[in-house]
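Coordinates in review
Spelled out from the first residue to the last, the chains are:
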Amino acid sequence: MLKLYLVIPCYNENAVIDETTKRLNEKLNGLIRSKAVSPASRVVYIDDGSTDGTWEKIESISATNGLFEGVKLSRNYGHQNALLAGLHYAADHADAVISMDADLQDDIDAIDKMIAEYQKGCEVVYGVRSKRKKDSFFKRFTAQGFYKLLRFMGVEIVFNHADYRLLSNRAVKELLGFKEVNLFLRGIVPMLGFKSAKVYYERGERFAGESKYPLKKMLFFALQGITSLSVKPIRLITIMGLLCFLVSMVLLIVFIAQYFMGITVSGWASMITSIWGLGGLQLLGIGIIGEYIGKIYLETKKRPRFIIEKTTGETTEASMCKSVDKSSVDQSEDSQLF
Ligand code: UDP
Ligand code: MG
């Protein structure tokens, strides 16, 4: 039976953790009762260096309820890293992992639909918000701007999908093969490929506590997303350089034409042309150097260059990963290195 792990990063979530625990406890018990998931399924809270007593609560919850487990990070590493820590933790135990926020803004009833898609053979199931009615105008505006900006910058992401998703054990293991430090999970998950599906749900409001993503953090997050996945900003510099240089060439032609027509201001033509010409060449030069730096940057990430989904042989990659035999798992990890 499906061993499901719910991974939940918590940063200063003292105000919501009790209610969240109550709701998830009901949900998971319901799923176990209806035999949708195995009784060995768990909720894992990842404490991301909270300073408001969240960890103490997690400890007492896991002491009284066997369905809950806790992992404490040594300090605040940020949402994405906390999530990754949770995936690492769950990779050894779970058949499938669902990540979600501690404030349960994401409808937990979508879990059933996610499981159904998993059972149909999907390795990745994205939770996608159908509407954003309940977000404030500001949040909606900034969040949608964020997706559009990322798209423009060449980052392929699923529109209106945050970090509410199901990953199969196989997908988690392949994801852990992406060793980059600048982590932007929602940009990397689509890179995995595999059969995937989307599940739509309505996002509610945070029932207590405050958002841990104020505007400053969101802008930083957007920047992180762009710079960790795309070298398009560098390309924009190259294009700008090229454009400036073209402008200087056009100006030169105009000035020469004006010279023959007798319209001249002494010194002006040569100055303007060289400002645009040199400026353009400099930008172009920076852009070209940038292209190489961009390449080096992507190389240093040592991302897997391919992921095999299936082979026609008897032992498919999938059955290797699903088997609990440790040696076969090690082998599949080794093969990613080359
Ligand atoms: N979070 C975290 N570390 C951080 C910031 C946030 O683990 O440094 C967690 C937080 O506890 C929550 C999730 O990330 O579970 C999303 O945060 P929040 O709900 O505040 O974001 P919003 O929904 O407002 O975008
Ligand atoms: Mg939230």
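**Remarks on the pattern of salt bridges**
- Scanning all chains against the criterion turns up 14 salt bridges.
- Across the pair D109 and K27 runs a salt bridge whose closest N-O atoms are separated by 3.0 Å. You can see D109 sitting in the loop between β4 (96-99) and α4 (110-119) and its partner K27 sitting in helix α1 (residues 14-33), a full 82 residues away along the chain.
- Classification of D109 by relative accessible area gives partly exposed; the value is 46%.
- For K27, a relative accessible area of 13% puts it in the buried group.
- A salt bridge links R303 to E180; its shortest N-O distance comes to 2.7 Å. Remark: E180 occurs in the loop between α6 (169-175) and α7 (185-188) and R303 occurs in the loop between α10 (268-300) and α11 (317-322); sequence separation between them is 123 residues.
- Overall, E180 belongs to the buried group, its relative accessible area being 7%.

**Describing the site of ligand 1**
- Contacts to ligand 1 come from 19 residues, most closely from E13, D48, D103, S211 and K212.
- Backbone polar atom of Y11 to an oxygen atom of ligand 1: 2.8 Å apart, as the coordinates give it.
- N76 places a polar side-chain atom, nitrogen or oxygen, 3.1 Å from an oxygen atom of ligand 1.
- Within the complex, the protein chains bury 95% of what would otherwise be the 540 Å² of accessible surface of ligand 1.
- Its residues assigned to classes, the shell around ligand 1 comprises five nonpolar, five polar and nine charged.

**Describing the environment of I115**
- Following the sequence through the fold, I115 ends up in helix α4.
- Along the primary structure I115 and S211 are separated by 96 residues, whereas in three dimensions their C-alpha atoms are 28 Å apart.
- When residues no more than four places from it in sequence are discounted, the contact partners of I115 are L2, L4, L31, A36, V37 and L166.

**Remarks on the confidence of the model for the protein chain**
- The share of residues in the protein chain with pLDDT of 70 or more is 91%, and the mean pLDDT across the chain is 85.
- Between the elements of the protein chain, mean pLDDT differs from a low of 39, seen in helix α12 (residues 326-336), to a high of 96, seen in β4.
- Within the model, the stretch residues 321-338 combines pLDDT values under 50 with 19 contacts to residues more than four positions away or in other chains.

**Focus on the coordination of the magnesium ion (ligand 2)**
- Each protein donor to the magnesium ion (ligand 2) is listed here as D103 (OD) and Q105 (OE1); together their distances run 1.9 Å.
- On the basis of relative accessibility, which here comes to 12%, the residue Q105 falls in the buried class.

**A look at the pairing of β4**
- Here β4 shows no split at all, with A96 and I98 on one side and V97 and S99 on the other all buried.
- Pairing of β4 with strand β6 (residues 161-168) involves four bridges; the strand directions are antiparallel. Its bridge partner lying in β6, V97 is registered against L167.

**Structural notes on unusual backbone geometry**
- Even without glycine at this site, F194 takes up a positive phi of about 65 degrees.
- The residue F194 is located in the loop between α7 and β7 (196-201) in this model.
- Even without glycine at this site, K302 takes up a positive phi of about 50 degrees.
- Considering the arrangement of structural elements, one finds K302 in the loop between α10 and α11.
- Residue K302 is classed as exposed on the basis of its relative accessible area, which comes to 65%.

**Quick look at the packing of helix α9 (residues 232-261) against α10**
- Put simply, α9 and α10 touch, their axes get as near as 7 Å, and they point 160 degrees apart. Here α9 lies roughly antiparallel to α10, going by the angle between them. Of the two possible hands of crossing, α9 and α10 adopt the one that is left-handed.

**Re the nonpolar core**
- Counting 40 residues, the largest nonpolar core has L167 and L175 as the members making the most contacts within it.
- Listed by contribution, the elements that provide at least two residues to this core are β1 (4-10), β2 (42-47), α3 (79-91), β5 (124-129), α5 (137-152), α6, α7 and α8 (215-229).
- With five residues, the single largest contributor to this core is α3.
- Leaving out residues up to four positions away in the same chain, L167 has contacts with L87, A96, V97, E123, V124, V172, L175 and V189.
- By size, the runner-up hydrophobic cluster in this structure holds 36 residues, among which are L24, V43, A102 and Y164.

Here is what the cut-offs are and how they apply
All chains use their own residue numbering, which begins from 1 and follows the written sequence. Chains and ligands are labelled by the order in which they are written, letters from A for the one and numbers from 1 for the other. The predicted origin of the model limits local features to residues at a pLDDT of at least 70 and limits the giving and counting of side-chain atom pairs to 80 or more, whereas totals for whole chains, interfaces and linings rest on all residues. Heavy atoms throughout the structure, all of them, feed into the side-chain values; hydrogens and water do not. One side-chain nitrogen of Lys or Arg within 4 Å of one carboxyl oxygen of Asp or Glu is enough to make a salt bridge. Elements are defined by DSSP. Helices are runs of H or I of four residues or more, strands are runs of E of two residues or more, and each kind is numbered from the N terminus. Each residue is assigned to one of three classes by its accessible area relative to the maximum for its type, calculated with a 1.4 Å probe on protein chains only: buried under 20%, partly exposed between the two thresholds, exposed over 50%. Here a residue is considered near a molecule or strand provided that any single heavy atom belonging to it is located within 4 Å of it. Within 3.5 Å is the distance limit for a polar contact, defined as a pair of N or O atoms, with the added protein rule that one can donate a hydrogen and the other accept it, and that residues adjacent in sequence qualify only through two side-chain atoms. Shrake-Rupley sampling with a 1.4 Å probe provides the accessible areas, and residues are treated as covered by the protein chains on show and by no other component. Residue type decides the class: Asp, Glu, Lys and Arg count as charged, Ala, Val, Leu, Ile, Met, Phe, Trp, Tyr, Cys and Pro as nonpolar, and the leftover types, Gly among them, as polar. The contact criterion used is simple: two residues touch if any of their non-hydrogen atoms lie within 4.5 Å. What pLDDT reports is the predictor's confidence in each residue, on a scale of 0 through 100. The donor definition counts N, O and S atoms within 2.8 Å of each metal and applies 3.2 Å to Na, K and Ca; water is not among these atoms, so some sites may look incomplete. Here, any two strands with at least 2 DSSP bridges between them count as paired. Axis lines are fitted through C-alpha atoms, for helices just across the contact stretch, and the angle between N-to-C directions can take any value from 0 to 180 degrees. Roughly parallel refers to an angle under 35 degrees, roughly antiparallel to one over 145, roughly perpendicular to one between 65 and 115, and oblique to any angle outside these ranges. Here a crossing is called left-handed whenever its near helix is offset anticlockwise from the far helix by less than a right angle, and right-handed whenever the offset is clockwise. Buried Ala, Val, Leu, Ile, Met, Phe, Trp, Tyr and Cys residues that are joined via side-chain atoms within 4.5 Å together make up what is termed a nonpolar core.

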